[in-house]
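Overview (structure and organization)
Here is how the chains run, residue by residue.
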Amino acid sequence: MIITIANQKGGVGKTTTVVNLGTALASIDKKILIVDVDPQYNSSLSFNRYQHDLSIYKALSGEKKFEELIQDTQIPNLQIISACEDLAAAEYELANDENRNFIIKKQLDNLKNTYDYIFIDTPPTLGLLTISALVASDEVLIPVQCEFFALEGLSKLVKTIDMIKDNLNQNLKINGIILTMYDKRNSLSSLIEEEARKYFEATVYKFNVPRNVKLSEAPSHGLPAIIYDLNCAGSQAYIGLAREFIERNT
Ligand SMILES: Nc1ncnc2c1ncn2[C@@H]1O[C@H](COP(=O)(O)OP(=O)(O)O)[C@@H](O)[C@H]1O
Ligand SMILES: [Mg+2]
């Protein structure tokens, strides 16, 4: 199954979710591929994998195939197709390509059966790279930061998803919404949670991800938080989410 992690807001926990949910699932023997289509390549950095000649750009520009770009990570069962700065050029180079919306789908369809889950990490825009990721996907997972205006951007994202369903990928489904950076000492967090659950009901995951400094430290060590500090509240939340993710898919 192919799942895009999307939210056109930056800094809401997309990359942290891809890296740690992916690692949690790999640790229970699921075979995982992470595909980084963000020109800021934070998920590639989180695994210390950002070699120029293995950048996903090589495939989007037609030089190589996805198969040739797959790299192992430090985590057994978890591989990555990484990005680097060169990906920034793809957005305008592909702008007039009539197959642009299908450029990721065309490559991933060959790999789909090799993995239990393929996670695509996207940039904080609803541009070409995010759209092509959604076109290639079965489901979309949406991290939402527990802060003011968080839900406002969400309606635009849901409209974009509906547009893609109507025109480009009728099978696309919303897997769920994950509330991130939840601060139980801050009443705003519980207010956002209440609103989100009222409006989006069971779409919202039962587990929230707490604000946890270990989650933000781990990437600078080139490691997923789950490896950096398994026992911290953030890692434990992602382990709980992985369980809930599997329940939703069985
Ligand atoms: N639950 C959390 N608690 C504390 N810091 C977090 C949490 N989730 C993410 N961060 C940090 O916040 C920043 C933005 O998160 P990130 O996952 O990169 O968001 P996005 O990919 O949506 O831009 C990063 O520095 C990350 O380490
Ligand atoms: Mg990111």
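Computed from a predicted structure; not experimentally measured. (Residues numbered from 1 in each chain as written. Chains lettered and ligands numbered in written order. Predicted model: local features only at pLDDT ≥ 70, side-chain atom pairs only at ≥ 80, totals over all residues. Heavy atoms only, no water.)

**Some details on the layout of surface pockets**
Considering only enclosed or pocket space, the largest pocket measures out at about 530 Å³ in volume. Together, 31 residues line the largest pocket, and Gly13, Lys14, Thr15, Thr16 and Met181 are the ones closest to its centre. Those elements that provide at least two residues to the lining of the largest pocket are helix H1 (14-27), helix H2 (42-46) and helix H9 (213-217). Top element by residues in the lining of the largest pocket is H1. It accounts for five residues. Of the residues belonging to the lining of the largest pocket, the class tally is 14 nonpolar, 13 polar and four charged. (1 Å grid on protein atoms, 1.4 Å probe; cavity = no way out; pocket = protein on both sides within 12 Å on 5 of 7 lines; lining within 4 Å. Points joined across faces, edges and corners; volume = space filled by probe spheres on them. Helix = DSSP H or I, 4+ residues; strand = E, 2+ residues; numbered from the N terminus. Nonpolar A, V, L, I, M, F, W, Y, C, P; charged D, E, K, R; others polar.)

**Concerning the sheet that holds strand S6 (residues 139-145)**
Pairing is mixed across the open sheet formed by seven strands, whose spatial order is S3-S4-S2-S5-S1-S6-S7. Unpaired on one side and paired on the other, strand S3 (71-72) and strand S7 (173-180) mark the two borders of the sheet. Where S6 and S7 come together, seven bridges link them in parallel fashion. Each residue of the ladder has a partner; that of Gln145, found in S7, is Thr180. Relative to S6, helix H7 (residues 150-167) is tilted by about 165°, and along the sheet it contacts S6 and S7. Lying over the sheet, helix H11 (residues 233-248) contacts strand S1 (2-5), strand S5 (117-121) and S7, oriented at roughly 160° with respect to S7. (Pairing = 2+ DSSP bridges. Contact = heavy atoms within 4.5 Å. Axes fitted to C-alpha atoms, helices over the stretch in contact; angles between N-to-C directions.)

**Details of unusual backbone geometry**
Not every positive phi belongs to a glycine, and Asn77 is a case in point at roughly 75°. Structurally, the position occupied by Asn77 is in the loop between S3 and strand S4 (78-81). Owing to a relative accessible area of 32%, Asn77 belongs among the partly exposed residues under this scheme. Backbone geometry places Met181, a non-glycine residue, at a positive phi of 55°. Tracing the sequence through the fold places Met181 in the loop between S7 and helix H8 (187-200). (Buried < 20%, exposed > 50% of the residue type's maximum accessible area, 1.4 Å probe, protein only.)

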